[in-house]
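# Structural overview for review
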Amino acid sequence: MGEIIAAGIVAHAPTIMMSKEDRYELNKGKEISLVPGLHRLKSEVLDVLKPDTIVLLDTHWFTIVEFCVTAHSRRAGLFTSDELPRGMKQIPYDIKGSPALAHAIAERATQAGVRTTAIDDPWLPIHYPTVNLSTFLQGEEEWLSVSHAYSGEPEDFLTVGEGIGRAIRESDKRVVIIASGSMSHRFWPLKQIPLHESSDPIHISSPEAREADLERLRWFAEGNHAAVIDSMPEYLRHAPEARFGHYLMMAAACGGRDWKAKGRQFSDYENATGTSQVHVWFDKPAEGWN
């Protein structure tokens with residue numbers, strides 16, 4: 001029997017790929033907490049757990065009529081972001097895949113009721129949530145990425161997550177799920193962005209979005225995932241990244257409304273040009289996820 005051995009919301013903000021000097025200049029002479037947080041996740045969690053596979057829920061891989069999952073045996077090359085080609089350019093990546101698990105996820109999510117397809121096309125683009133986090137966190141384990149159907153509703157994300165969880169349990173893999181994305185996710189208008197690049201959360205797009213994020217961080221700390229799931233219609237008004245599908249898929253894979261794991265932060269709650277950024281990790285309780 002396979003199992004999910006840990007899970008977390010992990011920020012992929014482009015600032016983590018900047019040089020230390022550029023990060024300090026952008027952030028009034030100090031480090032953003034996301035970078036040391038990623039180093040701690042690697043040394044304190046992943047290097048200890050040594051998972052077989054990381055399933056990364058990639059909020060920048062946009063699909064429309066279905067969900068998709070990467071089924072390559074390996075992906076390698078150089079990545080330049082089309083969104084931010086000046087800052088993220090020619091980043092090397094070499095990622096071992098998990099084709100059998102990818103096909104199992106696609107099968108089980110489709111059976112659950114949402115069409116999901118395993119894709120092994122060698123020309124399939126890769127996206128920076130996967131590249132950025134693998135740069136910091138990759139070890140010897142396999143990695144696969146799951147897309148976000150931008151036509152999806154919360155129910156669809158929960159259904160796909162249920163399929164992911166079932167496929168993992170039926171496998172022989174010890175899996176970590178990484179939901180890579182932010183919480184509230186509105187940018188400042190272009191001309192105002194230079195005024196809001198510090199990590200201080202006062203620069204989050206609105207006080208209401210900031211308070212909604214902080215409420216959910218409190219629920220994460222309590223292990224109250226039912227409250228997060230049940231309040232999605234309200235939270236969607238604050239434009240969480242990818243309609244918070246990364247969190248919903250992760251939560252459903254781990255037990256949905258019955259998931260009780262408490263979150264611990266591996267970073268501060270920070271701003272990035274109006275969007276919220278934070279690392280929240282959920283260790284598997286001794287008594288199990290539910």
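Anything mentioned here points back to the structure above.
In what follows, the accompanying structure is described. Just so it is clear, the structure is predicted and the values come from calculations on it, not from any experiment.

Tallying secondary structure elements over the protein gives nine helices and 12 strands in all. In terms of overall dimensions, the protein is globule-like: its C-alpha atoms have a radius of gyration of 18 Å, near the 19 Å expected for 290 residues. With respect to the principal axes defined by its C-alpha atoms, the protein has extents near 50 × 40 × 40 Å. A burial count over the protein gives 58% of its 290 residues as buried. For the protein, contacts bridging at least 24 residues in sequence account for 79% of all contacts bridging at least 6. When the accessible surface of the protein is summed, it comes to about 12700 Å², and 52% of that surface belongs to carbon and sulfur atoms. If you average the places of the 30 positive and of the 40 negative side-chain charges in the protein, the two averages end up 2 Å apart.

A word on the side chain of Ser205. Following the sequence through the fold, Ser205 ends up in the loop between strand E8 (174-180) and helix H6 (207-222). Each residue touching Ser205, except ones within four places of it in the same chain, is listed here: Arg186, Trp188 and Gly274.

Bringing helix H5 (residues 154-170) into the picture now. Along an α-helix, residues three or four apart share an orientation, since each turn contains 3.6 residues. In this model, H5 (17 residues) spans 25 Å end to end at C-alpha, consistent with the 24 Å of a helix rising 1.5 Å per residue. Turning to H5, its buried residues are Pro154, Phe157, Leu158, Thr159, Val160, Gly161, Gly163, Ile164, Gly165, Ala167 and Ile168.

This part covers the packing of helix H2 (residues 34-49) against helix H4 (residues 128-137). Running from amino to carboxyl end, H2 crosses H4 at an angle of 60 degrees, the nearest separation of the two axes being 9 Å. When the axis of H2 is compared with that of H4, the two are oblique. In this structure, H2 contributes Val35, Leu38, His39, Leu41, Lys42 and Leu46 to the contact, and H4 contributes Leu133, Phe136 and Leu137. Counted by class, the contact of H2 with H4 contains seven nonpolar, one polar and one charged residues.

Here we come to the packing of H5 against helix H9 (residues 245-254). Direction vectors running N to C along H5 and H9 enclose 45 degrees, while the axes themselves pass 7 Å from each other. Accordingly, the angle class assigned to the pair H5 and H9 is oblique. Crossing angle aside, the handedness with which H5 passes H9 is right-handed. Here Pro154, Phe157, Leu158, Val160, Gly161, Glu162, Ile164, Gly165 and Arg169 of H5 lie close against H9, whose contacting residues are Gly245, Leu248, Met249, Ala252 and Ala253.

Scanning all chains against the criterion turns up 13 salt bridges. Two residues, Glu3 and Lys284, come together in a salt bridge whose shortest N-O distance is 2.9 Å. Of this pair, Glu3 sits in strand E1 (residues 3-10) while Lys284 is found in the segment after strand E12 (280-283), placing the two residues 281 residues apart along the sequence. Put simply, Glu31 and Arg23 hold a salt bridge, and the shortest N to O gap is 2.7 Å.

What follows deals with the nonpolar core. Counting 55 residues, the largest nonpolar core has Ile164, Ile177, Phe220, Tyr247 and Met250 as the members making the most contacts within it. Looking at this core element by element, the count peaks at eight residues for H9. Sequence-distant contacts of Met250, defined by excluding residues within four places in its chain, comprise Ala7, Gly8, Ile9, Leu57, Ile177, Ala179, Trp259 and Phe282. Counting residues in each nonpolar core, the second largest holds 32 residues, with Leu41, Ile91, Tyr93 and Leu137 among its members.

For the rest of this paragraph, the subject is the layout of surface pockets. Where empty space is left becomes clear once a probe the size of a water molecule has been rolled over the atoms. Estimates place the volume of the largest pocket at around 880 Å³. Pro14, Thr15, Met18, Leu84 and Thr273 are the residues nearest the centre of the largest pocket, which is lined by 35 residues in total. For the lining of the largest pocket, the secondary-structure elements that each account for two or more residues are helix H1 (20-26), strand E10 (270-272) and strand E11 (275-277). If you tally residues by element for the lining of the largest pocket, the top one is H1, at four residues.

So, on to the side chain of Ser199. Following the sequence through the fold, Ser199 ends up in the loop between E8 and H6. Beyond its immediate chain neighbours, meaning those up to four positions away, Ser199 contacts Asn27, Ile32, Glu270 and Asn271.

Analysis parameters
- Residues numbered from 1 in each chain as written.
- Predicted model: local features only at pLDDT ≥ 70, side-chain atom pairs only at ≥ 80, totals over all residues.
- Heavy atoms only, no water.
- Helix = DSSP H or I, 4+ residues; strand = E, 2+ residues; numbered from the N terminus.
- Rg over C-alpha atoms; globule rule 2.2 N^0.38 Å.
- Buried < 20%, exposed > 50% of the residue type's maximum accessible area, 1.4 Å probe, protein only.
- Contact = heavy atoms within 4.5 Å.
- Areas by Shrake-Rupley, 256 points an atom, 1.4 Å probe, with all protein chains shown as cover.
- Lys, Arg positive; Asp, Glu negative; His and termini not counted.
- Charge placed at Lys NZ, Arg CZ, Asp CG, Glu CD.
- Expected span 1.5 Å × (residues − 1).
- Axes fitted to C-alpha atoms, helices over the stretch in contact; angles between N-to-C directions.
- Parallel < 35°, antiparallel > 145°, perpendicular 65-115°, else oblique.
- Nonpolar A, V, L, I, M, F, W, Y, C, P; charged D, E, K, R; others polar.
- Left-handed = near helix turned anticlockwise from the far one by under 90°.
- Salt bridge = Lys/Arg side-chain N within 4 Å of Asp/Glu carboxyl O.
- Core = buried A, V, L, I, M, F, W, Y, C linked by side-chain atoms within 4.5 Å.
- 1 Å grid on protein atoms, 1.4 Å probe; cavity = no way out; pocket = protein on both sides within 12 Å on 5 of 7 lines; lining within 4 Å.
- Points joined across faces, edges and corners; volume = space filled by probe spheres on them.

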